[in-house]
Amino acid sequence: MQIHTINLIFPIGEEDVIYLKSRYSIEINEVNQFQSDYKFATFSIYKHPTGRYYLSMIIDCILLLKKIHMMDSDYFTIEQSVKLILSDMFGHEDHFKFHILKRIDYKFDAYIPDKENRKLLLNLYRKLTKSFRFQKLKDGIVKNDKEFNVYELNKDETGKIEGDDDILDEIFDYIDDDNEESKTYETTIYHVSKSVRLIAYDKEEERNAKKELTLPYEEGILRYEIAVMQKHINYRRNRRICKNSVKPNLKNYFKEKMWQEYFSSYLSPIYLNGDFYKISKAKSIINNSSERPSMKRKLIEFLTMISRGNIDTPAKKGLNSKTIKSRYNKLETLGINPILIPQNCKGAPLRLENPLKIFYK
């Protein structure tokens, strides 16, 4: 399991704000000074129009745990660290019992040492479906677009890396993400909605674009992230509309099965199964298969159609969903991804392995 960042919200009282001011001589808009003591976290305090205060805490789990691959049991380290922060801030840890998970970013790092192969994969992903469920495909640099806000903390470059529904809705409607840093890059592909966001990007190139040091565990990495947003978390907590309801606390989402569930449910239907081939190699595999000659021809035509357009082209050309699904299944059986490597792509291999194989059932 790999988790990048989490955002927790804590209802706090005016007495907590007074304690914070008296002990540390800082105003609530200066609360992020705590980051000097906790390099893995950033903080903000908001005041609701009703007068109630809320603490927002964003935590980089990799920096906190000092490792990339995590287990369910690592939750308890995070819990103890958060409680320590709360105790330092307010003199007690009671607020942890009432925390609300606002967002969690699951990730998967695929090690692809060849820079050109990472670039090729991202170019192939531009042929993915333009829309899935409520998610829309976007890529490239988009400036001043709030929907692309991502969490970024200042990293320690020397460190070694191994309640009530209506009330919650009101809280989240008021607490926005203006404190987040918006960064998008040319080497990035997005499928975004207000509930769940899928992002694929070259981590090494992102670091270079920021002119920041690439840490050892970021070298050669193509990163896939699934950001589970507050709207989705709110939906899943509602037992009336979600049969598999989940309470919006960190422990319920910091689990291997949840990480696997989100990648399997949201990523694999968009990033289709099968390795990537040039048409010459794909034809060879199809022609050497046990399919009928007529089906071999149809599969090659299907691949050619997508190659000249994108994944959505067969439907636009009049193929019904049942036929399209059948073609996908046959190609998957043959280990062929429907998206082809351009035949005239200089230096590209005849075959490029799909880095997401572990998520296909």
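Residues numbered from 1 in each chain as written. Predicted model: local features only at pLDDT ≥ 70, side-chain atom pairs only at ≥ 80, totals over all residues. Heavy atoms only, no water.

### Describing the overall build of the protein chain
- Within the protein chain, the regular secondary structure consists of 13 helices and 13 strands.
- Here the protein chain has roughly 17,800 Å² of accessible surface; of this, 48% comes from carbon and sulfur atoms. (Helix = DSSP H or I, 4+ residues; strand = E, 2+ residues; numbered from the N terminus. Areas by Shrake-Rupley, 256 points an atom, 1.4 Å probe, with all protein chains shown as cover.)

### Side note on the packing of aromatic side chains
- Throughout the structure, instances matching the rule amount to 14 aromatic pairs.
- Linked through ring pairs, Phe 108, Tyr 125, Tyr 224, Trp 259, Phe 263, Tyr 271, Phe 276 and Phe 359 together constitute an aromatic cluster. (Phe/Tyr/Trp six-rings, centres within 6.5 Å; stacked < 30°, edge-to-face > 60°.)

### A look at the packing of helix H11 (residues 293-308) against helix H13 (residues 321-333)
- Interaxial distance between H11 and H13 falls to 11 Å at its minimum, and their mutual angle equals 100 degrees. Considered as vectors, H11 and H13 are oriented roughly perpendicular to each other. Each of Met 295, Lys 298, Leu 299, Phe 302 and Leu 303 in H11 lies in contact with H13, whose residues at this interface are Ile 324, Arg 327, Tyr 328, Lys 330 and Leu 331. (Axes fitted to C-alpha atoms, helices over the stretch in contact; angles between N-to-C directions. Parallel < 35°, antiparallel > 145°, perpendicular 65-115°, else oblique. Contact = heavy atoms within 4.5 Å.)

### Quick word on the confidence of the model for the protein chain
- Model confidence for the protein chain is summarised by a mean pLDDT of 82, while 81% of its residues fall at 70 or above.
- Under a pLDDT of 50 for its full length, residues 140-186 has, in the predicted model, 119 contacts with residues more than four places off or in other chains. (pLDDT = per-residue confidence, 0-100.)

### Section: the pattern of salt bridges
- The tally for this structure, following the rule as stated, stands at 20 salt bridges.
- Its salt-bridge partner being Lys 203, residue Glu 206 comes within 2.9 Å of it at the nearest N-O pair. Of the two residues, Glu 206 and Lys 203 are both situated in helix H6 (residues 203-210); the distance of three residues between them amounts to about one turn of the helix. For the pair shown, Glu 206 and Lys 203 are each scored as buried.
- The partner of Glu 291 in a salt bridge is Lys 330, and the shortest N-O contact between them spans 3.6 Å. On the criterion of sequence distance, the pair formed by Glu 291 in the loop between helix H10 (279-287) and H11 and Lys 330 in helix H13 is long-range, its members being 39 residues apart. (Salt bridge = Lys/Arg side-chain N within 4 Å of Asp/Glu carboxyl O. Buried < 20%, exposed > 50% of the residue type's maximum accessible area, 1.4 Å probe, protein only.)

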